[in-house]
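Coordinate inspection notes
Residues per chain are reported as follows:
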Amino acid sequence: MDTLAVICTYNEATNIKQVIDEVLNCGLESIEALVVDDTSPDGTYKIVEELSKTNPKIHLLKRETMRGRGYAGTDGFKKALEMGAKFIVEMDGDGSHSPKYIPDFRKAIETADVVVGSRYARGGSDEKRGIIRQVVSLFARRYLMIILGVKVLDPTSGFRMFRREVLETVAPRLKAPDPFIVSEVLYYLKKYSFKITEVPIDFLPRISGTSKLGPLTLIKYLFKVLKLKVSSR
């Protein structure tokens, strides 16, 4: 398998079919989709299960214990390695990460270890946000760049592509149970000196539903970054 998109979901029943369709039709012929679902009450996993019966490129990893975005992401990475994927895409299942950029990621990773879909690289853009969210986002980016020592313009982006060798090194070390996994991965990318490049993207409003990550939660994760940095010394 060449490329596998790992899509972590929880209550994305109204979005997931469209997201999967766009992934499989993104212009990259050798791509498949793995949905990692925490037994969503809205039946997201049931939709994926039905789709997988008629399309061998659609896969489901249904999780019933230790639920959480971080645990789901780690299990998804490990499953992708088990499936033999050479390149692994990490993306959300709410429609905010457009699969149309995946071919650009695939080209960019030829000269890198990791590709980050960046809202803040030249040519990228973010959805319109309230002033509080904008301020928190700006602070978070600057904070992560300083604390982690990474030269990444969009360190909070969860839309990324990895070479399998990267996840073979990083995945066994991940412990975050929640969305903090995004920063935790970045920390290990820096620690093991993997080459990161950014590709500009337009970050879109989710197709439907509500965001599961608010400004206060984001601030809480920033303190976890400092704790991770200190505890690793």
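Just above sits the structure.
These numbers come from a predicted model, not from an experiment.

Quick look at the sheet that holds strand S1 (residues 3-9)
- Spatially, the seven strands line up as an open sheet ordered S3-S2-S1-S4-S6-S5-S7, and their pairing is mixed. Lying at the two open borders of the sheet, with one neighbouring strand each, are strand S3 (58-62) and strand S7 (196-200). For this sheet, the mean angle separating the axes of adjacent strands, direction not counted, is 20°.
- Summarising the sheet, S1 and strand S2 (residues 31-37) pair through seven bridges and their orientation is parallel. When the sheet's bridge partners are listed, alanine 5 is paired in S2 with alanine 33.

A closer look at the pairing of strand S6 (residues 160-163)
- Taken together, the four bridges between strand S4 (residues 87-92) and S6 define a ladder with antiparallel strand orientation. Within S6, the position partnered with phenylalanine 87 by the bridge is arginine 163.

Looking at the side chain of glutamate 184
- Mapped onto the elements, glutamate 184 comes out in helix H7 (residues 181-191).
- Buried glutamate 184, no salt bridge; nearest opposite-charge side chain is lysine 175, N-O distance 7.1 Å.
- Among the polar contacts listed, one links the side chain of glutamate 184 to the backbone nitrogen of lysine 175, at a separation of 2.9 Å.
- Excluding residues within four positions of it along the chain, glutamate 184 makes contact with Arg173, Leu174, Lys175, Ala176 and Leu228.

A look at a nonpolar patch on the surface
- Together, Ile131, Ile132 and Val135 make up a nonpolar patch on the protein surface, roughly 330 Å² of accessible area in all.
- Within the fold, isoleucine 132 resides in helix H5 (residues 131-148).
- Given the relative accessible area of 61%, isoleucine 132 is considered exposed.

Observations concerning the pattern of salt bridges
- Taken as a whole and judged by the stated rule, the model has 12 salt bridges.
- Measuring nitrogen to oxygen at the nearest pair gives 3.2 Å for the salt bridge that ties aspartate 2 to arginine 106. Taken together, the positions of aspartate 2 in the segment before S1 and arginine 106 in helix H4 (residues 102-108) put the pair 104 residues apart, joining distant regions of the chain.
- Of the residues examined, arginine 106 reaches a relative accessible area of 16% and is grouped as buried.

Some details on helix H3 (residues 69-82)
- If you check H3, its first and last C-alpha atoms are 20 Å apart, about what 14 residues at 1.5 Å a residue would give, namely 20 Å.
- For H3, the full list of buried residues reads Arg69, Gly70, Ala72, Gly73, Thr74, Gly76, Phe77, Ala80 and Leu81.
- A positive phi of about 90° marks glycine 84, the residue just after H3.

About the cut-offs
- Residue indices follow the written sequence of each chain, beginning from 1 at its first position.
- Local features in this predicted model are restricted to residues whose pLDDT is 70 or higher, and side-chain atom pairs enter the listing and the counts only when it is 80 or higher, whereas totals over whole chains, interfaces and linings include all residues.
- As a rule here, side-chain values come from all non-hydrogen atoms in the structure, and water together with hydrogens is ignored.
- Strands pair, by our definition, only if DSSP identifies at least two bridges between them.
- Strands here are runs of E lasting at least two residues and helices are runs of H or I lasting at least four, both read from the DSSP assignment and numbered beginning at the N terminus.
- Inter-axis angles, ranging from 0 to 180 degrees, are taken between N-to-C directions of lines fitted to C-alpha atoms, where helices are fitted over the stretch in contact.
- Remark: exposure states derive from per-residue accessible area (1.4 Å probe, protein chains only) relative to the maximum for the residue type, with buried under 20%, exposed over 50%, and partly exposed in between.
- Only four residue types enter the charge count: Lys and Arg as positive, Asp and Glu as negative, with His and the chain ends excluded.
- Salt bridges are defined as contacts in which a side-chain nitrogen from Lys or Arg sits within 4 Å of a carboxyl oxygen from Asp or Glu.
- Here a polar contact is taken to be a pair of N or O atoms separated by no more than 3.5 Å, where protein atoms must pair a possible hydrogen donor with a possible acceptor and residues adjacent in sequence count only if both atoms sit in side chains.
- By the convention used here, residues are in contact when the closest approach between their heavy atoms is within 4.5 Å.
- Here a patch means residues that are over 30% exposed by relative accessible area and free of salt bridges, tied together within 9 Å if like-charged and within 5 Å if nonpolar (Val, Leu, Ile, Met, Phe, Trp, Tyr).
- Each accessible area value is a Shrake-Rupley result obtained with a 1.4 Å probe; residue values ignore everything except the protein chains displayed when judging cover.
- By definition here, a helix of n residues has an expected span of 1.5 Å times n minus one.

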